[in-house]
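These are the residues of each chain, in order.
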Amino acid sequence: MAKTEEHIEKKFGRQTPFTVPEGYFEQLQKNVMDALPEQTAKVIPMTPRRRAMMPIITAAASVCVAICGVTVWLHKVSANDPANMSLAESAEFHEMLSNYDENSSDYIMLDKDDMYTYMLQQ
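Residues numbered from 1 in each chain as written. Predicted model: local features only at pLDDT ≥ 70, side-chain atom pairs only at ≥ 80, totals over all residues. Heavy atoms only, no water.

## Considering the overall build of the protein chain
Helix and strand content of the protein chain: six helices and zero strands. Mapped in sequence order, the helices and strands of the protein chain form the string α-α-α-α-α-α. Here the protein chain holds 122 residues, and the buried ones make up 7% of them. Of the accessible surface of the protein chain, which amounts to about 12100 Å², a share of 61% is contributed by carbon and sulfur atoms. (Helix = DSSP H or I, 4+ residues; strand = E, 2+ residues; numbered from the N terminus. Buried < 20%, exposed > 50% of the residue type's maximum accessible area, 1.4 Å probe, protein only. Areas by Shrake-Rupley, 256 points an atom, 1.4 Å probe, with all protein chains shown as cover.)

## Topic: the packing of aromatic side chains
As enumerated under the stated definition, the model contains one aromatic pair in all. Here Tyr 24 and Phe 25 contribute two aromatic rings whose centre-to-centre distance is 5.2 Å and whose plane-to-plane angle is 80°, an arrangement assigned as edge-to-face. Assessed through its relative accessible area of 39%, Tyr 24 is described here as partly exposed. (Phe/Tyr/Trp six-rings, centres within 6.5 Å; stacked < 30°, edge-to-face > 60°.)

## What about a nonpolar patch on the surface?
Taken together, the side chains of Val 20, Tyr 24, Phe 25, Leu 28, Val 32, Met 33 and Leu 36 present a nonpolar region at the surface, about 680 Å² in accessible area. Tracing the backbone shows Phe 25 in helix α2 (residues 24-35). We classify Phe 25 as exposed; its relative accessible area is 58%. (Patch = residues over 30% accessible without salt bridge, like charges linked within 9 Å, V, L, I, M, F, W, Y side chains within 5 Å. Salt bridge = Lys/Arg side-chain N within 4 Å of Asp/Glu carboxyl O.)

## Description of α2
With twelve residues, α2 should reach 16 Å at 1.5 Å per residue; the first-to-last C-alpha distance of 15 Å fits that figure. Sparse coverage of α2 is indicated by the burial of zero of its twelve residues. (Expected span 1.5 Å × (residues − 1).)

## Notes on the confidence of the model for the protein chain
Across the protein chain, pLDDT averages 77, with 69% of residues at or above 70. Mean pLDDT values for the elements of the protein chain range from 58 in helix α5 (residues 102-108) up to 89 in α2. (pLDDT = per-residue confidence, 0-100.)

## Quick notes on the state of the cysteines
Two cysteines whose sulfur atoms are joined by a covalent bond form what is called a disulfide. Counted according to the given criterion, the structure contains zero disulfides. Of all cysteine sulfurs, the one in Cys 68 lies closest to Cys 64, which takes part in no disulfide; the gap is 6.6 Å. Given the relative accessible area of 47%, Cys 64 is considered partly exposed. (Disulfide = S-S within 2.5 Å.)

## A few points about helix α1 (residues 2-12)
In terms of burial, α1 is a largely surface element, zero of the eleven residues being buried. After α1 finishes, the residue Gly 13 shows a positive phi value of roughly 85°.

Shown next as structure tokens:
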């Protein structure tokens, strides 16, 4: 990069071809401000975002608490419902196992313990 700068300096010299009129930068700010149209400032009231969002946050938290409460209540109700009892806990299953034919267990190669384990997994 230094070689390029040296080459340019040798070819064109250090003189800059651009000039700025006398007092240009001293008058620049005044000239720009004079060119702008006169406007009155519009006042916008600012409220903290936290205060504006508080009703929405409160409502969302209330809805979440209600959903969680209903979910827990429905889970308790359905767990105590005899219709949702697992097959291994039912009296019909115990009766079926007591009438279980020993010859069929040889055929399918399952005993009562295997049947209990199988039914508990479902």
